[in-house]
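Chain residues, written in single-letter form:
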Amino acid sequence: AQSEHTAIVYVAPGNAGTAREKKVKNIAISVTDIDQLVSFAKQNHIELTIIGPEIPLSLGIVDIFEQHGLNCLGPHKACAQLEASKTFSKDFMAKYNIPTADYQNFHDAEKAKAYIADKPMPIVIKASGLAAGKGVVIAQTKSQAKQTIDDMLNGNKFGEAGCEIVIEEFLNGQEASFIVLCDGKTALPMASSQDHKARDNGDKGPNTGGMGAYSPAPIVTDEVHQKVMKDIIQPVIDGMQKEGHPYKGFLYAGLMIMPNGQIKTLEFNCRFGDPETQPIMMRLDSDLIELSFAALNEELEFYEAHWNPQTALGVVMASKGYPESYPKG
């Protein structure tokens, strides 16, 4: 909304916060109602649509908007599998030598339990599909790991998302979020950030989709930055191009920076991650609309993003009981 190129920003479906912003208007259309969103964009001559959440991306919203001749910033359905399928993502990283934790995929609970029998604890168990950032359990003991495998594969705790699981080694270190804007061949890095996943003080509570974030992340030094761009980000872009699916839009790499200086990829998100976006956007001095069009027109190599040197901090408040069942509204 701050861009001089913007007359009005419509947010679907929006919330109480967006309702109060200048130049912003909520529209009551669900993020998965792609036909309605296309009609709205056409009727209102919308010049640019930016996709926030993962579900419409995995449904191919960008492909559909483009078929209607509409500018839409986000990865195509084929690229969005990097987030929508943990299995696809891990296999893709293995294929293109992108550093990540050792892993194996399972459909069968008994095979999964046999696999963990001689593995050290803690161990990480993930639902392969989309589970809104909550389909990851770090099992501290063998019995917790077995229970989780049963919950995910037999108990259907995550529905479709959990009918396949990924089990991977637990990595020790500090997490950082590394977000870039891509145009299919070039990646423009955003400011570094770090979010906190555990709900309670002292990182004691259950894992959530994020309880707050700050930018910049001191752990992302210049050296780490160069390494991530070279060993992780560029190989994703080159790999996607090789697969015949150039990656356009935001790409978020969740990283583990280990005490020995090694960097491994925990996961990819195909969008501007939450809650990291808020502190990152507070620091962006460049025009986001100009950068978005540069990405769509494959001209990012001619752009750089300018950042306020100050630190930005975001805090999340959650309803009691989150991320399990909690009162809504």
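Being a predicted model, the structure only gives us computed values, none of them experimental. (Residues numbered from 1 in each chain as written. Predicted model: local features only at pLDDT ≥ 70, side-chain atom pairs only at ≥ 80, totals over all residues. Heavy atoms only, no water.)

A.B. asks: Which residues make up the nonpolar core, and what values do they have?
C.D. replies: Among the nonpolar cores identified, the biggest contains 44 residues, and L82, I233 and L251 are the most heavily contacted of them. Here this core takes 8 residues from helix α8 (residues 222-242), the largest share from any one element. Apart from residues no more than four positions distant in its own chain, L251 is found in contact with L82, F178, I179, V180, C182, I233, V236, F268 and N269. By size, the runner-up hydrophobic cluster in this structure holds 19 residues, among which are L73, M190, L284 and L291. (Core = buried A, V, L, I, M, F, W, Y, C linked by side-chain atoms within 4.5 Å. Buried < 20%, exposed > 50% of the residue type's maximum accessible area, 1.4 Å probe, protein only. Helix = DSSP H or I, 4+ residues; strand = E, 2+ residues; numbered from the N terminus. Contact = heavy atoms within 4.5 Å.)

A.B. asks: Outline the sheet that holds strand β10 (residues 187-189), listing residues and values.
C.D. replies: The sheet built from 4 strands is open, its strands ordered β10-β9-β13-β14 with antiparallel pairing. Each edge of the open sheet carries a strand with a single partner, namely β10 and β14 (263-269). For this sheet, the mean inter-axis angle between neighbouring strands, taken without regard to orientation, is 35°. Note: strand β9 (residues 174-183) against strand β13 (residues 248-257), 10 bridges, orientation antiparallel. Across the sheet, the residue bridging to S177 is G254, located in β13. Helix α10 (residues 288-296) contacts β9, β10 and β13 of the sheet and is inclined by roughly 65° relative to β9. (Pairing = 2+ DSSP bridges. Axes fitted to C-alpha atoms, helices over the stretch in contact; angles between N-to-C directions.)

A.B. asks: Residues and numbers for the packing of aromatic side chains, please.
C.D. replies: Under the definition given, this model contains 6 aromatic pairs. Taking 4.9 Å as the distance between ring centres and 80° as the angle between the ring planes, the aromatic pair formed by Y10 and F40 counts as edge-to-face. Here Y10 is found in strand β1 (residues 9-11), whereas its partner F40 is found in helix α1 (residues 34-43), with 30 residues between them in sequence. Residue classification places F40 among the buried residues on the basis of a relative accessible area of 17%. Ring geometry for Y322 against Y326: centres 5.4 Å apart, planes inclined by 75°, an arrangement best described as edge-to-face. (Phe/Tyr/Trp six-rings, centres within 6.5 Å; stacked < 30°, edge-to-face > 60°.)

A.B. asks: Explain the side chain of S215 residue by residue, including any values.
C.D. replies: Of note, S215 is situated in strand β12 (residues 212-215). For S215, a relative accessible area of 0% gives the class buried. Of the polar contacts made by the side chain of S215, one reaches the backbone oxygen of S192; its length is 2.7 Å. At a separation of 2.8 Å, a polar atom in the side chain of S215 contacts the side chain of R283. (Polar contact = N/O pair within 3.5 Å; in protein donor to acceptor, adjacent residues only side chain to side chain.)

A.B. asks: So what's going on with unusual backbone geometry? Which residues, and what values?
C.D. replies: Between M121 and the following residue, P122, the backbone shows a cis peptide bond with an omega angle of -5°. The step from S215 to P216 runs through a cis peptide bond, and the omega angle for that step is 0°. Of note, P216 is situated in the loop between β12 and α8. Here N97, not a glycine, exhibits a phi torsion of approximately 55°, which is positive. Overall, N97 belongs to the exposed group, its relative accessible area being 68%.

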